[in-house]
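Secondary and tertiary structure notes
One-letter residues, chain by chain:
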Amino acid sequence: WKTGDPGLWFIDRVNRGKGNAVPSIGPIESCNPCVIPGTQVFIHSGTTAVENIRVGDLIIGGHGESVRVVHVSTYKAFVGTLKLITGEELVCSAAHQVKLADGTWSSVNYLEDGDRIKMVAEDGNVWTGKVEYYEHDYGNTETLVYDIETETDEWAPAGFVSKGCGEQELPPWGVCSLGSINLS
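Attention here is on the structure that accompanies the text. Not measured: the values here are computed from a predicted model.

Conventions adopted
- Residues numbered from 1 in each chain as written.
- Predicted model: local features only at pLDDT ≥ 70, side-chain atom pairs only at ≥ 80, totals over all residues.
- Heavy atoms only, no water.
- Pairing = 2+ DSSP bridges.
- Helix = DSSP H or I, 4+ residues; strand = E, 2+ residues; numbered from the N terminus.
- Axes fitted to C-alpha atoms, helices over the stretch in contact; angles between N-to-C directions.
- Buried < 20%, exposed > 50% of the residue type's maximum accessible area, 1.4 Å probe, protein only.
- Core = buried A, V, L, I, M, F, W, Y, C linked by side-chain atoms within 4.5 Å.
- Contact = heavy atoms within 4.5 Å.
- Salt bridge = Lys/Arg side-chain N within 4 Å of Asp/Glu carboxyl O.

1. Considerations on the sheet that holds strand β11 (residues 143-150)
Pairing within the open sheet is antiparallel, and its three strands lie in the order β3-β4-β11. Two strands in the sheet have a free side with no partner beyond their single neighbour: β3 (58-60) and β11. The sheet shows a mean angle of 55° between the axes of neighbouring strands, taken without regard to direction.

Structure representation (structure tokens):
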């Protein structure tokens, strides 16, 4: 459970309100947080684009420490931009999870202006950023995205402390979990 439990996810709730950032396209069928090609990932010798990361590489984790990559996955998703008031940006899927200042997790589409999130600088220092906005690209085109799994389940694309969730490719109505419960 140390790195595999993404939490409880109710598909009917996700498809109500702002849980589904693209309701005009249709209902959300599965989730997997992810970032676009070109997103910079901190490594000890500087940065590299997410598409250059391979299983076994050491990257900077959510506490500024070195963590080993254990899985890399790619697929297509609708994306948007998360921006801090200090100018940092992350283009990611609406389901991408970031760590809040209080240590809890939130999908970016649930963030509100002014929320505080954990960040990691290139030198490994941890700091708190303030959300300016998350704006979803409401286009009809899915974008190639990458997800990284680490041995600690935390990584920091573009400095945003994030939680991986890409153990496998997901089919429609698939979920990122170790099991499911039918509550109907």
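So that's the structure; there's more coming.
2. Regarding unusual backbone geometry
Look at aspartate 153: it is not a glycine, yet its phi comes out positive at around 70°. Structurally, the position occupied by aspartate 153 is in the loop between β11 and β12 (154-155). Under the relative-accessibility criterion, aspartate 153 is labelled buried at 6%. Non-glycine residue alanine 158 carries a positive phi angle of around 55°. Among the secondary structure elements, alanine 158 is positioned in the loop between β12 and β13 (162-163).

3. With respect to the sheet that holds strand β8 (residues 105-107)
Strand-to-strand pairing in sheets goes through backbone hydrogen bonds, with the strands running parallel or antiparallel. One open sheet holds the four strands; their spatial order is β8-β7-β13-β12, and the pairing between them is antiparallel. Where the open sheet ends on each side, the last strands, each with one partner, are β8 and β12.

4. A short note on the nonpolar core
Among the nonpolar cores identified, the biggest contains 25 residues, and Ile59, Leu82, Leu111, Ile117 and Phe160 are the most heavily contacted of them. Taken together, the elements giving at least two residues each to this core come down to β1 (40-43), β4 (66-77), β5 (79-84), β6 (89-93), β9 (116-120), β10 (126-136) and β11. When near neighbours in sequence (up to four residues on either side) are disregarded, isoleucine 117 contacts Leu82, Leu84, Val98, Lys99, Leu100, Ala101, Leu111, Trp127, Thr128, Gly129, Val131 and Phe160.

5. A word on the side chain of glutamate 154
Its place among the elements puts glutamate 154 in strand β12. Residue glutamate 154 is classed as buried on the basis of its relative accessible area of 9%. In contact with glutamate 154, other than residues within four places in its own chain, are Gly61, Gly62, His63, Val67, Lys99, Trp105, Val161 and Ser162.

6. Remarks on the pattern of salt bridges
Taken as a whole and assessed by the stated rule, the structure comprises one salt bridge. In this structure, glutamate 154 and lysine 99 form a salt bridge, with 2.9 Å as the shortest nitrogen-oxygen distance. In this pair, glutamate 154 is assigned in strand β12 and lysine 99 in strand β7 (residues 97-99), connecting sequence segments 55 residues apart. You can call lysine 99 buried: its relative accessible area is 11%.

7. Notes on the environment of tyrosine 133
Within the secondary structure, tyrosine 133 sits in strand β10. The spatial distance from the C-alpha of tyrosine 133 to the C-alpha of glycine 114 is 8.1 Å, given a sequence separation of 19 residues. Discounting chain neighbours no more than four positions away, the residues touching tyrosine 133 are Thr81, Leu82, Lys83, Glu89 and Asp113.

What is shown is where atoms sit, not what they do.
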